[in-house]
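Residues per chain, in single letters:
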Amino acid sequence: LSLLLTASLYCMEGDTDLQFLLVGGDLLKVRSSSWKKTRFYKLQEDCQTMWHESKKTFKFKQTFSIKDISAVRAGRQSEGLRKNTEEPVEGRCFSIIFKGRRKNLDLMASSEEEAKQWVTSLEKIMSNMENLNSQQKTEHWIFNCLRKADKNSDNKLSLKELKDFLHQINIEVDDQYAEKLFQECDQSKCGHLAGDEIEHFYSLLTHRQEIDTIYGEYAKTMGFMSAENLLEFLIKEQREEATLADAHRLINKYELDDKAKEKQLMTQDGFLMYLHMPEGLVLNPTHKAVHQDMSQPLNHYFISSSHNTYLMEDQLKGPSSTEAYARALIKGCRCVELDCWDGSDGEPVIYHGYTLTSKILFKDTIKAIKEYAFKTSDYPVILSLENHCSVEQQRVMAQHMSSILGSALLTSPLGDQMPTGFPSPEELKERFLVKGKRLTKLEACFGPEETAGDDGSLTEEEEDDKEEEEEEKKKATEGKKLKLAKELSDMVIYCKSVHFNGFQDAKDNLGFYEMSSFKERKAMALAEESANSYIHHNVDKLSRIYPAGTRTDSSNYNPVPLWNAGCQIVSLNFQTSCNDMDVNQGRFLTNGKTGYVLKPAYMRDLGSEFDPITLTAGPWLQHKTLHLMIISAQQLPKVNQKKTSIVDALVKVEIHGVPADTADKETPYIGNNGFNPMWNENFKFDVYVPELALVRFVVEDHDSVTDNDFVGQFTVPFTSLQMGYRHVPLLNKEGDPLPSAGLFVHIMIMDA
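Residues numbered from 1 in each chain as written. Predicted model: local features only at pLDDT ≥ 70, side-chain atom pairs only at ≥ 80, totals over all residues. Heavy atoms only, no water.

Asker: Explain the overall build of the protein chain to me, using residue names and the numbers behind them.
Answerer: Across its full length, the protein chain carries 24 helices and 30 strands. Taken over C-alpha atoms, the radius of gyration comes to 28 Å for the protein chain, in line with the 27 Å a tight globule of 752 residues would show. Here the C-alpha coordinates of the protein chain stretch approximately 95 × 70 × 55 Å along the principal axes. Here the protein chain holds 752 residues, and 56% of them are scored as buried. Contacts in the protein chain between residues far apart in sequence, at least 24 positions, make up 68% of those at least 6 positions apart. Here the protein chain contributes 87 positively and 114 negatively charged side chains, and the mean placements of these two sets differ by 5 Å. (Helix = DSSP H or I, 4+ residues; strand = E, 2+ residues; numbered from the N terminus. Rg over C-alpha atoms; globule rule 2.2 N^0.38 Å. Buried < 20%, exposed > 50% of the residue type's maximum accessible area, 1.4 Å probe, protein only. Contact = heavy atoms within 4.5 Å. Lys, Arg positive; Asp, Glu negative; His and termini not counted. Charge placed at Lys NZ, Arg CZ, Asp CG, Glu CD.)

Printed below as a string of structure tokens:
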């Protein structure tokens, strides 16, 4: 493809929605009730960047990239618009929600029709961008870098502009090499590159020697791959149980040349296209959809869970927001926390008690949860209540949940008799479960009410923190114990919060629906010292783990040892980007991103002797050897945006699992090349418990003076790896895809 045509092809010239964005228009930007200013917004010709013009300075400024948008929401859905605009302008309002921690952009159009046009047009261009294949993303990215390098916009590249372009795409070359490359492409000898010369330059730039080698070995039919040749590759290299029909399907699906497709041949371009598609990626494509049995009891699954879900930042003075719930739920989180306190005007609020974090209304939070609960996953959401409210405001909480969530709120056990175990995620689809204190045993739902000797006086987190001085201070401030409203108590069905008094006590005295929360330190100690007992406990009951109160910066802990002990609800601070959240995202990457992952069979068996620490013989021991070659990387983003800064790329591979499996290895760094560095570095790992193992690929920018800078990562369950030559897509620190960036690897897994 000619790069100079890429932008117009991408923009789909003539499409009225996209042309609307290219023309642009005035919108009212809303920051507060008093700060509302008109800005002229328009999409740039790259069809990727939105700019705005200030009416005060009449200067255009880059505002945001389309790829940074998470969602466009019509109406007054954001907190800012609800607070700073009136209900009559509902149809004129919309919000642009960004990935990461960037604040929403709240806007108001001059009419409802115009607002709808903005929303429709932005959603269309977002969809177009998401639907680009890897090759198109690469071409579009390179084209935009060429545009930036072409300072005088003459559609030509001088030698200086070519050097600037190479810097932009993360390649450092000496002047001699740049000159040689320039002269090789400057066939007209006129001192600049244009048209076909730029296309030739692009071909040289994106040429991949490793693909030449692989393709050349199997292209045995007139220099091309026949369906038989491709089948040989799929079986021998990719270790797939493929048929000739599968090979024909791949050719029909990914071959770009119509003449080759007619002859059922695959060109090298078609082969590279296949390697960039789901069939050629490291993650088994059959694991992307729901592929596990969802009819097991709820406690037989690992459940994606958030701590202090309402916080956007730290736990001392950071903002609370309903947007934080929306973001967590869209990421597949299935257990959210609501820290509830008495508010003014009789309305309960949510915030981090005894701190300067901002407050949000409980009813607004429940509305946001209802709105976003099932957009990513249909499976049940657990509302974990940290209840500090008076009885009066607890009744208000119950009323809000009942009126807003309606029949989706579970208020009685399924069936017409007392259950002996949990229902399944499948049975609880699109339902909300309340986790909290309950005044009676669950049996009271089927007979005369009988108190359980529990006045609901303290939340579990307070009980577990009794020994800590900071909690003693809180209790002194809180004064008398809080009582529990019956209306709220009756909403707690399968997740009744109780204090933990030991595994034997829980086995002897607690019902299956009575669950405990454990602070990370206590849970880690139990997982290390009594792992098998913890596993048995979690076969019958639910356990929730939460970060220590000392993590005021909203940092996280390693969830892996708790999963190894069978703990289901391992709650992390979703608002904090870190290695632990990367691993959490990897754990819940598969099974349709439902937020539910079935535990291995030996963690669902009361007679199991599995202990992740001692690792005695048993069905869990399936010793595998992972042979991994890190071949190359493509289009790594710049970490330091300075013009002269180029990535010195290295790759780390980490195994997360039982202690015997935990390991990491890294390649040497490749200096001054983030565009197409090549390593061909071989690693070998022993993995003893593959069903609990995760593989994390991390790319870093080497620094000999300070810590390496993070570039991108991808974490995948060991059992979801595909063998053979595979591309590994990379995610940024927020967990969002890095367009075009990836690794190329070879994977072989063998029985040890």
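Now that the structure has been shown, we can carry on.
Asker: Run through the side chain of Asp-364, naming residues and quoting values.
Answerer: Position of Asp-364 relative to the elements: it lies in helix H15 (residues 362-372). Other than its neighbours up to four places away in sequence, Asp-364 contacts Arg-82 and Thr-322.

Asker: Please provide a residue-by-residue account of the packing of aromatic side chains, values included.
Answerer: By the definition in use, this model includes 27 aromatic pairs. Ring centres of Phe-233 and Tyr-725 lie 6.5 Å apart, and the angle between their planes is 10°; on these two criteria the pair is classed as stacked. A residue pair is termed long-range when its members are at least 10 positions apart, and Phe-233 in helix H10 (residues 227-236) and Tyr-725 in strand E29 (residues 724-731) qualify at 492 residues. By the burial criterion, Phe-233 is buried, and Tyr-725 matches it. Between Tyr-494 and Phe-512, the aromatic rings sit 6.3 Å apart at their centres with planes inclined by 40°, giving tilted as the arrangement. In this pair, Tyr-494 is assigned in strand E18 (residues 492-497) and Phe-512 in the loop between helix H20 (503-509) and strand E19 (514-519), connecting sequence segments 18 residues apart. Judged by relative accessible area, Tyr-494 falls into the buried class, the value being 2%. These aromatic residues form a ring-pair network of at least three members: Tyr-215, Tyr-218, Phe-233, Phe-271, Tyr-274, Tyr-725 and Phe-744. Arg-31 extends its terminal NZ or CZ atom over the ring of Trp-35, reaching a point 4.4 Å from the ring centre. (Phe/Tyr/Trp six-rings, centres within 6.5 Å; stacked < 30°, edge-to-face > 60°. Lys NZ or Arg CZ within 6 Å of the ring centre and 35° of its normal.)

Asker: Report on unusual backbone geometry, specifying residues and quantitative values.
Answerer: We note that Lys-189 has phi near 55°; this positive angle belongs to a residue other than glycine. Structurally, the position occupied by Lys-189 is in the loop between helix H7 (175-185) and strand E9 (193-194). Despite not being glycine, Asn-308 shows a phi value in the positive range, around 45°. Within the secondary structure layout, Asn-308 lies in the loop between strand E12 (301-306) and helix H14 (322-330). The exposure class of Asn-308 is buried, given its relative accessible area of 1%.

Asker: Give a description of the nonpolar core that names residues and reports values.
Answerer: Ranked by size, the top nonpolar core spans 68 residues in total, and within it Leu-338, Met-401, Phe-432 and Tyr-534 carry the most contacts. Ranked by residues supplied to this core, first place goes to helix H16 (residues 391-405) with 5 residues. Apart from residues no more than four positions distant in its own chain, Phe-432 is found in contact with Ile-369, Lys-370, Ala-373, Phe-374, Val-381, Leu-383, Leu-405, Ala-408, Leu-409 and Leu-410. Core analysis: the second largest hydrophobic core is formed by 35 residues, Ala-649, Val-695, Phe-697 and Ile-749 among them. (Core = buried A, V, L, I, M, F, W, Y, C linked by side-chain atoms within 4.5 Å.)

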